[in-house]
Amino acid sequence: MKGYRIAFIRHGMTQANLDGRYIGTTDLPLCREGADQLYEKIEKYDYPSVQKVYTSPLKRCKQTISILQPNRLVAEMPELREMDFGKFENKTADELMNDPDYEQFIKGGLDNPPPNGESLRNMINRSLSGLNLIIMDMMKENIHEAGVVTHSGILMNLMSCF
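In this report, we go over the structure that sits alongside the text. Everything quoted here is computed from the prediction, not taken from an experiment.

Parameters at a glance
Residues numbered from 1 in each chain as written. Predicted model: local features only at pLDDT ≥ 70, side-chain atom pairs only at ≥ 80, totals over all residues. Heavy atoms only, no water. Phe/Tyr/Trp six-rings, centres within 6.5 Å; stacked < 30°, edge-to-face > 60°. Helix = DSSP H or I, 4+ residues; strand = E, 2+ residues; numbered from the N terminus. Buried < 20%, exposed > 50% of the residue type's maximum accessible area, 1.4 Å probe, protein only. 1 Å grid on protein atoms, 1.4 Å probe; cavity = no way out; pocket = protein on both sides within 12 Å on 5 of 7 lines; lining within 4 Å. Points joined across faces, edges and corners; volume = space filled by probe spheres on them. Nonpolar A, V, L, I, M, F, W, Y, C, P; charged D, E, K, R; others polar. Disulfide = S-S within 2.5 Å. Contact = heavy atoms within 4.5 Å. Arc of directions from axis to C-beta. Pairing = 2+ DSSP bridges. Polar contact = N/O pair within 3.5 Å; in protein donor to acceptor, adjacent residues only side chain to side chain.

1. Let's talk about the packing of aromatic side chains
How two aromatic rings sit relative to each other is given by the distance of their centres and the angle of their planes. For the coordinates displayed, the defined rule picks out six aromatic pairs. Between Y22 and Y102, the aromatic rings sit 6.0 Å apart at their centres with planes inclined by 75°, giving edge-to-face as the arrangement. You can see Y22 sitting in the loop between α1 (15-19) and α2 (32-44) and its partner Y102 sitting in helix α5 (residues 100-105), a full 80 residues away along the chain. When the ring of Y22 is compared with that of F105, the centres are 6.3 Å apart and the planes differ by 75°; the resulting orientation is edge-to-face. Residue Y22 is found in the loop between α1 and α2, and its partner F105 is found in helix α5; the two are separated by 83 residues along the sequence. Relative accessible area serves as the criterion here: at 13%, F105 is assigned to the buried category.

Right, here's the structure in full:
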């Protein structure tokens, strides 16, 4: 029986991450500090050598993989993009604190999306669809070790359960 291994990697830091902003669909690059941290991690840790990398199409993910796994076969997958935060996109919790829509959103739940945004349930379903495509591609292409560069801790925790 063939074995398959998938390594999940969260993208490096952006300025919006440092500022505590909700960034889902905003296509920001890594900040200097984020890129520097990735280069430091290469020196300290042995990242798994993979045959192919599947990544979100957003700059922060593509830049992360170009630093951690240069010269690898890369497939961009829209299914791996971050959640769409709609009305809350590019805003901080402090900026949203008195917004009743935000107060409702932070109560959580699978079907409690931000206004004009995406629900957690939809993001999970989209991500699972992407994981299925990755597994099917690995089997078809005879790839036994792959990397997945993604966004949120929620997504990484969900996908690592499989």
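Once the structure has been displayed, the description carries forward.
2. Examining empty space enclosed by the protein
Counted according to the given criterion, the structure contains one cavity of 30 Å³ or more. For the largest cavity, the full set of lining residues is A7, I9, P48, V50, V53, I65, Q69 and G147. Class assignment of the residues belonging to the lining of the largest cavity gives a composition of six nonpolar, two polar and no charged.

3. Things to note about the state of the cysteines
A complete count under the given rule lists zero disulfides for this structure. Cysteine C31 is unpaired, with the sulfur of C61 as its nearest cysteine sulfur at 14 Å. Residue C31 is classed as buried on the basis of its relative accessible area of 11%.

4. Notes on the environment of H11
Inspection of the secondary structure puts H11 in the loop between β1 (5-10) and α1. Along the primary structure H11 and S56 are separated by 45 residues, whereas in three dimensions their C-alpha atoms are 9.5 Å apart. Apart from the residues within four sequence positions on either side, H11 is in contact with N17, R60, C61, T64, V149, T150 and H151.

5. Some words on helix α3 (residues 59-68)
Among the residues of α3, R60, C61, T64, I65, I67 and L68 are the ones counted as buried. Along the long axis of α3, the arc covered by the buried residues comes to 160°, so they all point the same way. Here the buried face of α3 lies against β1, α2, β2 (52-55), β3 (73-76) and β4 (145-150).

6. Some remarks on the pairing of β4
Of all the six residues making up β4, five are buried; the element is thus mostly covered by neighbouring parts of the structure. Where β1 lies against β4, six bridges are found, and the strand directions are parallel. Bridge pairing in β4 links F8 to V148. In this structure, β2 lies alongside β4, joined through four bridges in parallel fashion. Bridge pairing in β4 links V53 to G147.

7. Some thoughts on unusual backbone geometry
Phi is positive for N116, which is not a glycine, with a value near 60°. Relative to the helices and strands, N116 resides in the loop between α5 and α6 (120-141). By relative accessible area, N116 is classed as exposed at 73%. Positive phi outside glycine occurs at N142, with the angle close to 60°. Looking at the element boundaries, N142 is found in the loop between α6 and β4. For N142, a relative accessible area of 39% gives the class partly exposed.

8. Topic: the side chain of S56
Here S56 shows up in the loop between β2 and α3. For S56, a relative accessible area of 0% corresponds to the buried category. Separated by 2.8 Å, the side chains of S56 and H151 make a polar contact. Those residues in contact with S56 that lie beyond four places of it in its chain are C61, K62, M77, L80, R81, V149 and H151.

So yeah, pure geometry; function would need other evidence.
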